[in-house]
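Observations on the three-dimensional arrangement
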Amino acid sequence: MLREPALPVDWTEEMSVGVESIDVHHRQVWRRIRHLANAVGDGRADEVRAALRFLHGYLAEHHAEEERWMAEAGYPGAREHARALAEILGRVATAVEREATLNRKALLLTADWVARALEEHMRSEDLKLGRFWTARENLRRLAESGPGVGASLTPLPGSVPAAARGREAPPREDEAAPGRR
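Residues numbered from 1 in each chain as written. Predicted model: local features only at pLDDT ≥ 70, side-chain atom pairs only at ≥ 80, totals over all residues. Heavy atoms only, no water.

**Digging into the overall build of the chain**
Assigned secondary structure in the chain consists of five helices and zero strands. The order of α-helices and β-strands along the chain, N terminus first, is α-α-α-α-α. Counting the 181 residues in the chain, one finds 39% classified as buried. Long-range pairs, those at least 24 residues apart, make up 70% of the contacts in the chain with a sequence separation of at least 6. Carbon and sulfur atoms make up 53% of the accessible area of the chain, which amounts to about 10500 Å² in all. (Helix = DSSP H or I, 4+ residues; strand = E, 2+ residues; numbered from the N terminus. Buried < 20%, exposed > 50% of the residue type's maximum accessible area, 1.4 Å probe, protein only. Contact = heavy atoms within 4.5 Å. Areas by Shrake-Rupley, 256 points an atom, 1.4 Å probe, with all protein chains shown as cover.)

As structure tokens, this is what we get:
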């Protein structure tokens, strides 16, 4: 059996891009990644095949919607973002087309790659997209608030320190207690 990809069990708000319509898709993709990762970890080829088929259809829909949104928003990283997701989608499509002829090991290795690639895509490319959207919305709020009027700005996704999110962050070395160095 392959080892299960090291993915957190549940979706966390840290993974949000700040665009609810996209986050809804991402939460569904994340649930499917978890299902796929568990099936790979357990070596259940039939469930891997079913999860790959579902992901193929869902990712194709998600990809099209994300591309429309990026075009409408004028996202400067749209081409690279779309290329990265298209590569993953292509690999899923190939696995789905060839699932009957893939041996069990090849199927599990492909599914493992897909789960890891999607996780990485969501933590890198999608986070960049969320930062762009949030920065754009913050600029809009500032412009609409007028001179001398404060505006409530949203922190960029991925930029809020752990302590500010309610978790205790480890102390920095320069903040360590005197006898602990």
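**What about the nonpolar core?**
Counting 29 residues, the largest nonpolar core has Val29, Leu36, Val48, Leu52 and Leu118 as the members making the most contacts within it. Among the secondary structure elements, those contributing two or more residues to this core are helix H1 (20-42), helix H2 (45-73), helix H3 (78-98) and helix H4 (104-123). Broken down by element, the residue count for this core peaks at eight residues, all from H4. The residues touching valine 29, leaving out its near neighbours within four places in the chain, are Leu55, Tyr58, Leu59, Leu118 and Met122. (Core = buried A, V, L, I, M, F, W, Y, C linked by side-chain atoms within 4.5 Å.)

**What about the environment of leucine 85?**
With respect to the helices, strands and loops of the structure, leucine 85 is situated in helix H3. Sequence spacing of leucine 85 and methionine 122 is 37 residues, and the spatial spacing of their C-alpha atoms is 9.7 Å. Excluding its chain neighbours within four sequence positions, the residues that come into contact with leucine 85 are His62, His63, Glu66, Leu118 and His121.

**Re the packing of H2 against helix H5 (residues 125-145)**
Working note: a packed helix pair is described by the angle between its axes plus the distance between those axes. Axis separation between H2 and H5 bottoms out at 12 Å; the angle between their running directions is 35 degrees. The element H2 and its partner H5 pack so that their crossing is left-handed. Note on element contacts: H5 touches H2 through Asp126, Leu129, Phe132, Trp133 and Arg136, opposite Glu66, Trp69, Met70 and Ala73. (Axes fitted to C-alpha atoms, helices over the stretch in contact; angles between N-to-C directions. Left-handed = near helix turned anticlockwise from the far one by under 90°.)

**Here's the deal with the packing of aromatic side chains**
The final tally for this structure, using the stated rule, is two aromatic pairs. Between phenylalanine 54 and tyrosine 58 the ring centres are 5.6 Å apart and the planes differ by 15 degrees, which places this aromatic pair in the stacked class. In this pair, phenylalanine 54 and tyrosine 58 are both assigned in helix H2, four residues apart and thus about one turn of the helix distant. The exposure class of phenylalanine 54 is partly exposed, given its relative accessible area of 30%. A relative accessible area of 16% means that tyrosine 58 is categorised as buried. Between arginine 32 and the ring centre of phenylalanine 54, over which it is positioned, the NZ or CZ distance is 4.2 Å. We note arginine 91 situated over the ring of tryptophan 113; from NZ or CZ to the ring centre the distance is 4.0 Å. (Phe/Tyr/Trp six-rings, centres within 6.5 Å; stacked < 30°, edge-to-face > 60°. Lys NZ or Arg CZ within 6 Å of the ring centre and 35° of its normal.)

**Things to note about the environment of glycine 74**
Position of glycine 74 relative to the elements: it lies in the loop between H2 and H3. The spacing of glycine 74 and phenylalanine 132 is 58 residues in sequence and 9.7 Å in space, taken between C-alpha atoms.

**Regarding the confidence of the model for the chain**
For the chain, mean pLDDT is 77; residues scoring 70 or higher make up 79% of the total. The low-confidence segment residues 162-181 (pLDDT under 50) makes 10 contacts with residues lying over four places distant or belonging to another chain. (pLDDT = per-residue confidence, 0-100.)

**Points about the side chain of aspartate 112**
With respect to the helices, strands and loops of the structure, aspartate 112 is situated in helix H4. Overall, the relative accessible area of 13% leaves aspartate 112 in the buried class. A polar atom in the side chain of aspartate 112 sits 3.0 Å from the side chain of arginine 116. (Polar contact = N/O pair within 3.5 Å; in protein donor to acceptor, adjacent residues only side chain to side chain.)

**Some points on the side chain of histidine 25**
Inspection of the secondary structure assignment puts histidine 25 in helix H1. The exposure class assigned to histidine 25 is buried, which follows from its relative accessible area of 7%. Among the polar contacts made by the side chain of histidine 25, one reaches the side chain of histidine 62 at a distance of 3.3 Å. Apart from the residues within four sequence positions on either side, histidine 25 is in contact with Tyr58, Glu61, His62 and Glu65.

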